[in-house]
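Read off the chains here:
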Amino acid sequence: ISEDAVLWSPLVQLMSSLVASKGRTMDHPVDGILVQQAAGEVYLFMQHTVPGIGSSKYHLDREIGLRRYTMKLDRLRTLTAA
């Protein structure tokens, strides 16, 4: 996370993904997060099995499409503390 696009918090793996080809993962995060202050939650969006990169042909149990994940805001703050 960055507030100024210069200084960044440490990288944290939030979920795993399979490598599709040429080092690219089958799943890509969608740019940005949505913060619900009143609920104390953060919504993260992931495109699963990205068309043209990922394939459900060999991984039939893989999700396809856009999915929203919810995390407690305090948890995100803890994970990204410098």
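Just above sits the structure.
Here's a quick rundown of the structure. All values derive from a computational prediction rather than experimental measurement.

Things to note about the packing of aromatic side chains
Across all of its chains, the model carries 0 aromatic pairs by this definition. Its guanidinium or amino end placed over the ring of tyrosine 43, arginine 68 lies 4.1 Å from that ring's centre, counting from NZ or CZ.

A word on the pattern of salt bridges
Scanning all chains against the criterion turns up 2 salt bridges. Notably, a salt bridge pairs glutamate 41 with lysine 72, separated by 3.7 Å at the nearest N-O pair. A residue pair is termed long-range when its members are at least 10 positions apart, and glutamate 41 in strand 4 (residues 41-48) and lysine 72 in strand 5 (residues 65-72) qualify at 31 residues. According to the relative accessible area criterion, glutamate 41 is buried, its value standing at 18%.

Observations concerning the sheet that holds strand 4
Reading across from one edge, 3-4-5 is the order of the 3 strands in this open sheet, with antiparallel pairing throughout. Lying at the two open borders of the sheet, with one neighbouring strand each, are strand 3 (28-36) and strand 5. Direction aside, the axes of adjacent strands within the sheet are offset by 20° on average. As paired strands, strand 3 and strand 4 are joined by 6 bridges and run antiparallel to one another. In the sheet register, isoleucine 33 faces strand 4, and the bridge partner there is leucine 44.

Conventions we followed
Residues numbered from 1 in each chain as written. Predicted model: local features only at pLDDT ≥ 70, side-chain atom pairs only at ≥ 80, totals over all residues. Heavy atoms only, no water. Phe/Tyr/Trp six-rings, centres within 6.5 Å; stacked < 30°, edge-to-face > 60°. Lys NZ or Arg CZ within 6 Å of the ring centre and 35° of its normal. Salt bridge = Lys/Arg side-chain N within 4 Å of Asp/Glu carboxyl O. Helix = DSSP H or I, 4+ residues; strand = E, 2+ residues; numbered from the N terminus. Buried < 20%, exposed > 50% of the residue type's maximum accessible area, 1.4 Å probe, protein only. Pairing = 2+ DSSP bridges. Axes fitted to C-alpha atoms, helices over the stretch in contact; angles between N-to-C directions.

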